[in-house]
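# Fold and geometry: a report
Spelled out from the first residue to the last, the chains are:
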Amino acid sequence: QEKKDVTKFLGIPVDGYKSEMISKLKAKGFTSTSSHKNILEGEFNGQDVHIHVVTNNNKVYRIMVADQNPVSETNIRIRFNNLLNQFENNSKYIGYNNKPIPEDEDLSYEISVKNKRYEATFFQNRDWNKQVWFMISEYYGKYYISMYYDNKLNEANGEDL
């Protein structure tokens, strides 16, 4: 089979079958959570995370990485802005219209009342099909980062409708 150049997560192509992907992630040291064998946990970029492997037509198109430990509004702003800096200073990525969160911004108001989404989008090696993005998610008044490593080539685009 031909080798496609697709988004990589920890050097693993975001492609193939879910079971293969889970095996490859376990080989990198991630383990199944006690609640679900297909949800993995471990450390990524200095954070304890849960990893979800998302498929379309049995093909992996997304790796979702979510912080295990939600934090306060102040800490999530710092975490978001630090992550933004890490991506912007990494030559593997090109950013798209990303802005840091200002220090005086009322995140809880913007998220809960105005439904604002704080997110940042990057592309691996300037390839639009190799999208990596992250956003702030909220859970009972605490906040965490969800990151998405997307292989746009395997994404649903209406073929099943």
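Scroll up for the structure.
Overview of the structure. This structure is a prediction, so every number in the text was calculated from the model and none was measured.

About the cut-offs
Numbering of residues starts from 1 in each chain and follows the order in which that chain's sequence is written. Only residues with pLDDT of 70 or above have their local features reported here, since the model is predicted, and side-chain atom pairs are shown and tallied only from 80 upward, although totals for entire chains, interfaces and linings are computed over all residues. Only heavy atoms go into the side-chain values, all of them from the structure, while hydrogens and water stay out. Only DSSP runs of H or I with at least four residues qualify as helices, and only runs of E with at least two residues qualify as strands; both kinds are numbered from the N terminus onward. As defined in this context, the radius of gyration uses C-alpha atoms, and a globule is described by 2.2 Å times the residue total to the power 0.38. Contact criterion: two residues are considered in contact whenever any of their non-hydrogen atoms come within 4.5 Å of each other. To be clear on the numbers: accessible area is Shrake-Rupley with a 1.4 Å probe, and residue cover counts the displayed protein chains and nothing else. Neither His nor the chain ends contribute to the count of charged residues, in which Lys and Arg are positive and Asp and Glu negative. Where a charge lies is defined by one atom per residue type, namely NZ (Lys), CZ (Arg), CG (Asp) and CD (Glu). Within 3.5 Å is the distance limit for a polar contact, defined as a pair of N or O atoms, with the added protein rule that one can donate a hydrogen and the other accept it, and that residues adjacent in sequence qualify only through two side-chain atoms. For two strands to be treated as a pair, DSSP must find no fewer than two bridges joining them. Orientation is described by axes fitted as lines to C-alpha atoms, over the contacting stretch for helices, and by angles from 0 to 180 degrees between their N-to-C directions. By convention, a stacked pair of Phe, Tyr or Trp rings (six-membered ring in the case of Trp) has centres within 6.5 Å and planes under 30 degrees apart, an edge-to-face pair has planes over 60 apart, and any other such pair is tilted. The buried label goes to any residue with under 20% of its type's maximum accessible area, the exposed label to any with over 50%, and the partly exposed label to all in between, with areas taken from a 1.4 Å probe on protein chains only. The term salt bridge refers to a side-chain nitrogen of Lys or Arg lying within 4 Å of a carboxyl oxygen of Asp or Glu.

## Examining the overall build of the protein
When its secondary structure is counted, the protein shows three helices and 10 strands. Helices (α) and strands (β) of the protein occur, in sequence order from the N terminus, as β-β-α-β-β-β-β-α-β-α-β-β-β. The globule rule puts the C-alpha radius of gyration for 161 residues at 15 Å, and the 16 Å found for the protein is close to it. The dimensions of the protein, computed from C-alpha atoms along their principal axes, are 50 × 35 × 35 Å. Long-range pairs, those at least 24 residues apart, make up 52% of the contacts in the protein between residues at least 6 apart in sequence. Accessible area for the protein stands at about 9,500 Å²; split by element, carbon and sulfur atoms hold 45% of it. Positive and negative charge centroids in the protein, built from 21 and 22 side chains respectively, lie 6 Å apart.

## Some details on the environment of Asn 97
Along the chain, the position of Asn 97 falls in the loop between β7 (93–95) and α3 (107–112). Between the alpha carbons of Asn 97 and Ala 120 there is a distance of 7.8 Å; along the sequence they are 23 residues apart. In terms of polar contacts, Asn 97 uses its side chain to reach the side chain of Lys 99, at 3.4 Å.

## Overview of the side chain of Asn 151
Tracing the chain through its elements places Asn 151 in strand β10 (residues 142–151). Engagement of the side chain of Asn 151 in a polar contact is seen with the backbone nitrogen of Leu 153, the distance being 2.9 Å. Other than its neighbours up to four places away in sequence, Asn 151 contacts Val 6, Thr 7, Val 14, Asp 15, Val 60, Tyr 61 and Asn 129.

## Brief notes about the sheet that holds strand β5 (residues 47–56)
Strands sit in the order β3-β4-β5-β6-β10-β9-β8-β7 across an open sheet of eight strands; the sheet is antiparallel. Of all strands in the sheet, those with a lone pairing partner are β3 (31–32) and β7, marking the two edges. Set on the sheet, helix α2 (residues 73–88) makes contact with β5, β6 (59–67), β7, β8 (119–124), β9 (130–139) and β10; between it and β10 the angle comes to about 25 degrees.

## Quick word on the packing of aromatic side chains
One pass over the structure, following the stated rule, counts 13 aromatic pairs. Ring centres of Phe 9 and Phe 44 lie 5.1 Å apart, and the angle between their planes is 45 degrees; this geometry places the pair in the tilted category. One end of the pair, Phe 9, is in strand β1 (residues 8–9); the other, Phe 44, is in strand β4 (residues 39–44), and 35 residues separate them in sequence. Their ring planes at 70 degrees and their centres at 4.9 Å tell us that Phe 9 and Tyr 149 sit as a pair that is edge-to-face. With Phe 9 in strand β1 and Tyr 149 in strand β10, the pair connects residues that are 140 residues apart, well separated along the chain. For Phe 9, a relative accessible area of 0% corresponds to the buried category. On the accessibility criterion, Tyr 149 (5% relative accessible area) is buried.

## Observations regarding the environment of Glu 110
Structurally, Glu 110 can be placed in helix α3. Judged by relative accessible area, which is 16%, Glu 110 ranks as buried. Contacts of Glu 110, omitting those with residues within four sequence positions, involve Glu 105, Asn 115, Lys 116 and Tyr 118.

## Focus on the pattern of salt bridges
Following the criterion strictly, the structure yields eight salt bridges and no others. Asp 67 is the partner of Arg 79 in a salt bridge, and the nearest nitrogen-oxygen pair spans 2.7 Å. With Arg 79 in helix α2 and Asp 67 in strand β6, this pair connects stretches of sequence that are 12 residues apart. For the pair shown, Arg 79 and Asp 67 are each scored as buried. Between Glu 110 and Lys 114 there is a salt bridge, and its shortest N-O distance comes to 3.8 Å.

All we've got here are geometric facts, nothing functional implied.
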